[in-house]
Amino acid sequence: MVLTQENNLETINLIQKLVMPDLAAASPDAPALIQITADGERKLSYRDLRALIDKAESRLQSCGLKAGEKLLILAPNSPEVVAALLAAFRLGALAVPVDFRMTLPELTNIAEKLAVKHLLSTNSVLQQLKDDFSAFANGHTLTAIETIENEVPSQSVKEREKVTDHRQLTDPAFLILTSGTTGMPKGALHDLHSLVHNIKELAEMAALTDGKKLVLPVPLSHVLGLEVTMAALLGNGCVIIAEMSVEGIIKANNLHQPEFLVGVPTIYGAILTLPKELIDLSKAEVLLCGGAPLPLSLAEEFEKKFAKRLNNGYGSTESKIIAVNLEGPRQSVGKVVPSCRIEILPIGEEANNKPLSEGETGEIVICGPTLMLGYIGQAEATAAVMRDGGYRTGDIGYMQDGYLYVMGRNKEMIIVAGNKVFPAEVESVLRKCPLVKDVAIIGVAHSRLGQIVKAHIILGDEELSAALTAEETKKEASAKAKEQLRSYCQENLKRELRPMEWVFYPASHVFAKTFSGKVDKKQLS
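A brief report on the enclosed structure follows. Just so we're clear, the structure is a prediction, and the values are computed from it rather than from any experiment.

1. What about the overall build of the protein?
Each helix and strand counted, the protein has 17 helices and 26 strands in total. Computed over C-alpha atoms, the radius of gyration of the protein comes to 24 Å, within 12% of the 24 Å expected from 2.2 N^0.38 for 525 residues, which places it in the range of a compact globule. Taken along its principal axes, the extent of the C-alpha atoms in the protein is 75 × 55 × 50 Å. Each of the 525 residues in the protein was classed as buried or not, and the buried ones make up 55%.

2. Some words on the environment of I36
In this structure, I36 sits in strand 1 (residues 31-37). Judged by its relative accessible area of 4%, I36 is buried. Setting aside its immediate chain neighbours within four residues, I36 contacts E41, I240, I241, E243, K251, A252, L255 and H256.

3. Topic: the packing of helix 1 (residues 9-19) against helix 9 (residues 192-205)
At a minimum axis separation of 9 Å, helix 1 and helix 9 run at an interaxial angle of 75°. Here helix 9 runs roughly perpendicular to helix 1, going by the angle between their axes. Contacts between helix 1 and helix 9 involve E10, T11, L14, I15 and L18 on the former and, on the latter, L192, H193, V196, H197, I199 and K200. Each residue belonging to the contact of helix 1 with helix 9 can be placed in one class, and the counts come to six nonpolar, three polar and two charged.

4. Considering the sheet that holds strand 10 (residues 238-241)
Strand order in the open sheet formed by nine strands is 2-1-10-9-11-12-13-14-15, with mixed pairing between adjacent strands. Edge strands, defined here as strands with exactly one partner in the open sheet, are strand 2 (40-45) and strand 15 (335-336). Of the strand pairs in this sheet, strand 1 and strand 10 are connected by three bridges, and their pairing is parallel. When the bridges of strand 10 are listed, Q35 appears paired with I241.

5. Points about the pattern of salt bridges
Under the counting rule described, the total for this entry stands at 25 salt bridges. Here D29 ties to R47 by a salt bridge, and the two come within 3.1 Å at their closest N and O atoms. In this pair, D29 sits in the loop between helix 2 (21-24) and strand 1 while R47 sits in helix 3 (residues 46-62), placing the two residues 18 residues apart along the sequence. D29 gets classed as exposed once you look at its relative accessible area, which sits at 53%. Its relative accessible area of 43% is what places R47 among the partly exposed residues. Each member of the salt-bridge network shares a partner with another, and the members are D22, R50, D54, E57, R90, R160, K162 and D165.

6. Topic: the packing of helix 12 (residues 265-272) against helix 13 (residues 296-306)
In the contact formed by helix 12 and helix 13, the axes pass within 10 Å of each other and the chain directions differ by 40°. Considered as vectors, helix 12 and helix 13 are oriented oblique to each other. Considering the relative orientation of helix 12 and helix 13, their crossing is left-handed. In contact with P265, Y268, G269, I271 and L272 of helix 12, helix 13 contributes L298, E301, F302, K305 and F306.

7. Details of the nonpolar core
In terms of nonpolar packing, the biggest core is built from 86 residues, with L18, F89, L233 and I366 touching the most fellow members. Contact partners of I366, with chain neighbours within four places excluded, come to Y314, S319, I322, C340, R341, I342, L371, G389, G390, Y391 and T393. Core analysis: the next-biggest nonpolar cluster, separate from the first, contains 36 residues, V436, L449, L464 and L493 among them.

8. A short note on the pairing of strand 14 (residues 320-324)
Strand 14 sits mainly inside the fold: five of its five residues count as buried. In the sheet, strand 13 (residues 310-316) pairs with strand 14 via four bridges, with the strands oriented antiparallel. Bridge pairing links Y314 to A323 in strand 14. Two successive antiparallel strands, strand 13 and strand 14, enclose a turn made up of three residues. Sheet topology places strand 14 next to strand 15; two bridges connect them, and they run antiparallel. Along strand 15, the bridge assignment pairs V324 with K335.

Definitions and limits used
Residues numbered from 1 in each chain as written. Predicted model: local features only at pLDDT ≥ 70, side-chain atom pairs only at ≥ 80, totals over all residues. Heavy atoms only, no water. Helix = DSSP H or I, 4+ residues; strand = E, 2+ residues; numbered from the N terminus. Rg over C-alpha atoms; globule rule 2.2 N^0.38 Å. Buried < 20%, exposed > 50% of the residue type's maximum accessible area, 1.4 Å probe, protein only. Contact = heavy atoms within 4.5 Å. Axes fitted to C-alpha atoms, helices over the stretch in contact; angles between N-to-C directions. Parallel < 35°, antiparallel > 145°, perpendicular 65-115°, else oblique. Nonpolar A, V, L, I, M, F, W, Y, C, P; charged D, E, K, R; others polar. Pairing = 2+ DSSP bridges. Salt bridge = Lys/Arg side-chain N within 4 Å of Asp/Glu carboxyl O. Left-handed = near helix turned anticlockwise from the far one by under 90°. Core = buried A, V, L, I, M, F, W, Y, C linked by side-chain atoms within 4.5 Å.

So, in structure tokens, the structure goes:
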């Protein structure tokens, strides 16, 4: 069906700007994508991007991809991945980008559980699938992403008149995994209508407009990476695809002096440890931080060193990005996009659904048109979080003077003798201690108090860290670190917030992280 309904006209125009980018660009020859590689740079104008999308569409068509079918995309960020996503939007297919660091068993599990028949990946991954997972290879169409560049667009692509082959603008267009790569994966379904209006709001809020450059070191399989890329293209900006390392980010930044930098807290934390003169942030206007909670101590130290503010963002795989802190209080995640509103509800299954007053703490509920359609194939899980027109985030926070504050996850909250303790609050204080390089707080059961706070500490003190690595001095080093940190906590934390159990690691240790950059606390005990 050709989408020409009057009430969908704005949505259609926005989709056209994405999937036929040369038609709406201020200048078709303006830069759209720049990929930084070890060998140099690859630049694509908006005209070039349109040609690459045409090639991707033709390649996917020749592989049999049809409207409504799923396309699993597993590859590092590249212009071809961007083009494949936009080509899938054109074809009315369901794009399923997944983290390229995923293992082959995880990939095959997801493909099987989601009933995916079409896979777009790199030559090396596809060869491994053919060699080690012959059943997978025989039952699916396997397309090498490297073949897109040399594809000659078919006549049907050249004569395309429709913006998209989706029957309705609210049909599922892409799926982002929220968790689970070994069991039944939980994937959030989204449509093009909500996507384009959300990224339009974000681009307008952050003034991401013509010619502004954005460095992207975040996977396109993550809602943060996908949305900021699409927002930049919708705003006629330029996305600089950096290698996903601190060195790669610095290289891309120093070469192109972007107005926008995107990263997770661990990226900014790594930059903070480097000499100031190694990175030039003089042109930066927005340093968006998302994917995981931004520690206040990191934000304060970063601004003190670089005279640049980290701009906290907030959202989820289920809601998309719905808030950015451009100029509000540092503890907040900013103001929400105009189309959304926040309700704060009492915590707990037995609590009523009457929204709490301003300043009162409860569960954050996001209401508005940015929300997912639901979890694919999981009606019960969808019903548990999508209730009464809102998405129950599981995050605890409050609203004050128009700004949203997030205190932590409900499931991570620790109840010490009836007192609520949020790990982020304790972590933020401990990170300011000179002994501490990194910290992760969890709750553990206690026979008398119900739960107590347990601290996993990576030591930043060189002497103690070195002593911790030698068997003969390990016990003494732990005792010394514990004594000093307990004294620090007595001066800086309320009684119920103070850790009662401690685990220490040398400075070389790194906490296990999830694909989104969060500390994987399931690995801690």
